[in-house]
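As a plain string of letters, each chain reads:
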Amino acid sequence: MSNGVLVIAEQIDGVFRKVAFEAVSEGKRLAEQLGGELTAAVLGEGVDTIAGELARYGADTILTAQEPALKEFAVDAYTKVVADIVAQVDPSVVLVGATMTGKDLAARLAARLDAPLAMDCIGIRLDGDTLTATRPVYGGKVLAEVTLTGTLRIAAIRPNAFGLKESTGPGKIEVFAADPGDPKIRFVEKQMETGKIDLTEAEVIVSGGRGMGGSDYTILEDLADALNGAVGASRSAVDEGWRPHSDQVGQTGKTVSPGLYIACGISGAIQHLAGMSSAKVVVAINKDPEAPIFAKSDYGIVGDLFEVVPAVTQEVKKVKG
Amino acid sequence: MDIIVLLKQVPATESVISIADDGKHIETENLKWVINPYDEFAVEEALQIKQKQGGGTVTLLSVGTDKTVEALRTGLAMGADKAILVKDPAAEEADGLGIARILAAVIKTLDCDLILAGQRAVDDDAYIVGPAVAEMLDIPHIAMVIKEEITDGAVRCTRTIDGGTLIQDVPLPALLTTQRGLNEPRYASLPGIMKAKKKPIDIRSLADIGLEAGAVAPKVRVTALKTPPERTSGRIIEGDSARAKAAELVRVLHQEAKVI
Ligand SMILES: Cc1cc2nc3c(=O)[nH]c(=O)nc-3n(C[C@H](O)[C@H](O)[C@H](O)COP(=O)(O)OP(=O)(O)OC[C@H]3O[C@@H](n4cnc5c(N)ncnc54)[C@H](O)[C@@H]3O)c2cc1C
Ligand SMILES: Nc1ncnc2c1ncn2[C@@H]1O[C@H](COP(=O)(O)O)[C@@H](O)[C@H]1O
């Protein structure tokens, strides 16, 4: 085929990551531009029941690779099977969602196939056959445009950075005979934080910093709940032991791109800004009118967060009915 | 246990990054350079493993420039035993796979049980080099590790995944990449700094390690650097009370920004 696009659609526990649909949507756009077909592949166990969901975003063919060894992510088994899929499909572009596991897979796959890789892209452009990706570097302080040279190019796309676009495709489901090879990594256990929306996929994030003054984040959780969002934190709040590491937003934490980011009691240190600069709308709530966060926010409220945040929650509930 | 730590020198995270006149590089003058924070976790973990295992060596390995010697000295002052720096003009424009190829070529000449790398370098944020080195050495790797325990030639790792953690076992030799939460890196002590001055830093060119410049020719090239769009409005919501401000904020988010 070699002018087609292959998307590796990530699922966990039988549910697709949102970025899987974003990748298929973007894959469709690229495939149309290249004049090739869009193949989406899903790895796991029992995934044939969900595979059809990928048709909604325009997949021409959907490959299901099912194997007990693929039930849980293991980079060696996954890389082997994806490399085999690439060999069969022979795409021009491979798209992966830049989740923690997606980035891991993309890196090892690129090395195995000796193919150029653009990690954590927020934009992809094709000029003729030349692929240019836009990706944040220096923690988002700078955007780099990188061109990838080769007949096979890999891009890992940042969750929430590409839109969803429904379209129709034949969505023909085919079984791919997966051979995980001789994996060295052995699964022991998985623990998921249940009921939590992952920060990288959240449409709304309410973050708290040192201004929270302690580990009681109830008012932020209430606001996040009202907005169907997730709670994040600055590094200071994590260092204080108020919040887990996995909640940290910033240059040494998570980079997030929600539609709305509400920073409460966060001063706006450059390392924090790095992690949330690609949010669409930023709101700051801080009692210090000179706090640097205000210069990097679309809207600000100067005030005590313990008064302002509950009041915002009340108003949100009114609007949302 | 012999451990190799892949260490990159990067601009300190508090740096303001400005774009050079060529539009493809950053201004490097007046920047403060440090060990990549994720590689600091790797150095710390290596030192702790060495101590727990009751011996062995911790070798720092970097591809860099003359300036990188400072970062390596800092790592040696933390307690690493020796360092290797690959310095070559041809390596300066290498992409992640090119850097990995250089690192793997050096590692092939050394004995080691474990390789530790950062999950990402906070300059290019590429998340590539660690897994790529493991692939080139044909050894397994586990990324984003927050806890590891070595027993009988294998390592049990807890790694982060989106929304949770995964515990996996892998036989040695293996490569691990670090995630915040793994440890708290120590500061170099004064005696450590004194000792580090006498520790060896072996500097090699690509030719020394048997690679030609062509072997690291990049397939990923930066064609332009841009500053992200600045937020313009920066509107402070006024009001007589917290309630009034809150009501106005929610109104604009709902009606104007349309994000609620
Ligand atoms: C290598 C390195 C990496 C780093 N990585 C990160 C990172 O990934 N993420 C990150 O966040 N930081 C990171 N940092 C830390 C960063 O430099 C800042 O120290 C940190 O972001 C500050 O957190 P903060 O804004 O919560 O605290 P502070 O800077 O102390 O700010 C607290 C704010 O709360 C306000 N406040 C206090 N009480 C109230 C109240 N009642 N109502 C309203 N406002 C109130 C204050 O006015 C102040 O602006 C890193 C630092 C280093 C050196
Ligand atoms: N030039 C380099 N020298 C040594 N190690 C490196 C170099 N570049 C990257 N690494 C290692 O690979 C990790 C990931 O880097 P990157 O893929 O550039 O984000 C870093 O944290 C280092 O451990």
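Residues numbered from 1 in each chain as written. Chains lettered and ligands numbered in written order. Predicted model: local features only at pLDDT ≥ 70, side-chain atom pairs only at ≥ 80, totals over all residues. Heavy atoms only, no water.

Further remarks concern empty space enclosed by the protein. The full count for this structure, using the stated rule, is 4 cavities of 30 Å³ or more. Here the largest cavity defines a volume of roughly 260 Å³. Contributing to the lining of the largest cavity are 20 residues, with A:E10, A:Q11, A:F73, A:Y78 and A:T101 lying nearest its centre. Breaking the lining of the largest cavity down by element, the ones donating at least two residues are β2 (11–12), β6 (93–97) and α3 (100–113) of chain A. Of all the elements, α3(A) adds the most residues to the lining of the largest cavity, at 3 residues. Broken down by class, the residue content of the lining of the largest cavity amounts to 10 nonpolar, 4 polar and 6 charged. Size it by volume and the second largest cavity reaches roughly 60 Å³. Forming the walls of the second largest cavity are A:M100, A:K103, A:D104, B:Q119, B:Y127, B:P131, B:A143, B:M144 and B:T177. Those elements that place two or more of their residues in the lining of the second largest cavity are α3 of chain A together with β7 (141–151) of chain B. Among the elements that line the lining of the second largest cavity, the one with the most residues is α3(A), at 3 residues. (1 Å grid on protein atoms, 1.4 Å probe; cavity = no way out; pocket = protein on both sides within 12 Å on 5 of 7 lines; lining within 4 Å. Points joined across faces, edges and corners; volume = space filled by probe spheres on them. Helix = DSSP H or I, 4+ residues; strand = E, 2+ residues; numbered from the N terminus. Nonpolar A, V, L, I, M, F, W, Y, C, P; charged D, E, K, R; others polar.)

So, on to the interface of chain A and chain B. The partner chain B presents 79 residues to the 87 residues of chain A that form the contact. Buried surface at the junction of chain A and chain B, summed over both partners, amounts to about 7,200 Å²; 57% is from carbon and sulfur atoms. Inspection of the chain A/chain B interface yields 10 salt bridges. Across the pair B:R101 and A:D114 runs a salt bridge whose closest N-O atoms are separated by 3.1 Å. (Contact = heavy atoms within 4.5 Å. Buried area = accessible area lost by both parts, 1.4 Å probe. Salt bridge = Lys/Arg side-chain N within 4 Å of Asp/Glu carboxyl O.)

All right, on to the pairing of strand β7 (residues 117–121) of chain A then. Residues and elements named next belong to chain A. Within β7, 5 of the 5 residues are buried, leaving the element largely enclosed by the surrounding structure. Here β7 pairs with strand β11 (residues 153–157) via 3 bridges, running parallel. Counted as the bridge partner of C121 is I157 from β11. (Buried < 20%, exposed > 50% of the residue type's maximum accessible area, 1.4 Å probe, protein only. Pairing = 2+ DSSP bridges.)

Another point: the packing of helix α4 (residues 218–226) of chain A against helix α7 (residues 305–320) of chain A. All names here are of chain A. Remark: α4 packs on α7, axes separated minimally by 9 Å, with the N-to-C direction vectors making an angle of 20 degrees. The orientation of α4 with respect to α7, classified from their angle, is roughly parallel. The chirality of how α4 crosses α7 is left-handed. In this structure, α4 uses I219, L220, D222, L223 and A226 to contact α7, whose residues at the interface are L305, F306, V309, P310, V312, T313, V316, K317 and K320. (Axes fitted to C-alpha atoms, helices over the stretch in contact; angles between N-to-C directions. Parallel < 35°, antiparallel > 145°, perpendicular 65-115°, else oblique. Left-handed = near helix turned anticlockwise from the far one by under 90°.)

On the surface, a cluster of negative charge is contributed by B:D21, B:D22, B:E27 and B:E29. Here B:E27 is to be found in the loop between β2 (9–11) and β3 (33–35). (Patch = residues over 30% accessible without salt bridge, like charges linked within 9 Å, V, L, I, M, F, W, Y side chains within 5 Å. Areas by Shrake-Rupley, 256 points an atom, 1.4 Å probe, with all protein chains shown as cover. Lys, Arg positive; Asp, Glu negative; His and termini not counted. Charge placed at Lys NZ, Arg CZ, Asp CG, Glu CD.)

We now examine the site of ligand 1. Around ligand 1 lies a shell of 26 residues, among which A:R210, A:S234, A:T252, A:S267 and A:Q271 are the nearest. Per-site note: the chains with residues close to ligand 1 are chains A and B. Between an oxygen atom of ligand 1 and a side-chain N or O atom of A:S236, the distance comes to 2.8 Å. A distance of 2.8 Å separates an oxygen atom of ligand 1 from a polar atom in the side chain of A:H272. Placement of ligand 1 is best described as lying within the second largest pocket. Counted by class, the shell around ligand 1 contains 5 nonpolar, 16 polar and 5 charged residues. (Near = heavy atom within 4 Å. Polar contact = N/O pair within 3.5 Å; in protein donor to acceptor, adjacent residues only side chain to side chain. Sits in = over half its atoms within 2 Å of the grid points.)

Taking strand neighbours across the sheet as the criterion, the 6 strands line up as β15(A)-β14(A)-β16(A)-β17(A)-β18(A)-β13(B) in an open arrangement whose pairing is parallel. Looking at the sheet topology across the chains shown, the edges are occupied by β15 (230–233) of chain A together with β13 (235–236) of chain B. Alignment of strand β14 (residues 204–208) of chain A against β15(A), held across 4 bridges, turns out to be parallel. Looking at β15(A), one finds that A:I205 is bridged to A:A230. Running over the sheet, α7(A) touches β16 (260–264), β17 (281–286) and β18 (299–302) of chain A and is turned about 135 degrees from β17(A). Sheet strands in contact with helix α6 (residues 242–256) of chain B are β16, β17 and β18 of chain A together with β13 of chain B, and its direction is about 175 degrees off that of β18(A).

Purely spatial values, then, with no claim about function.
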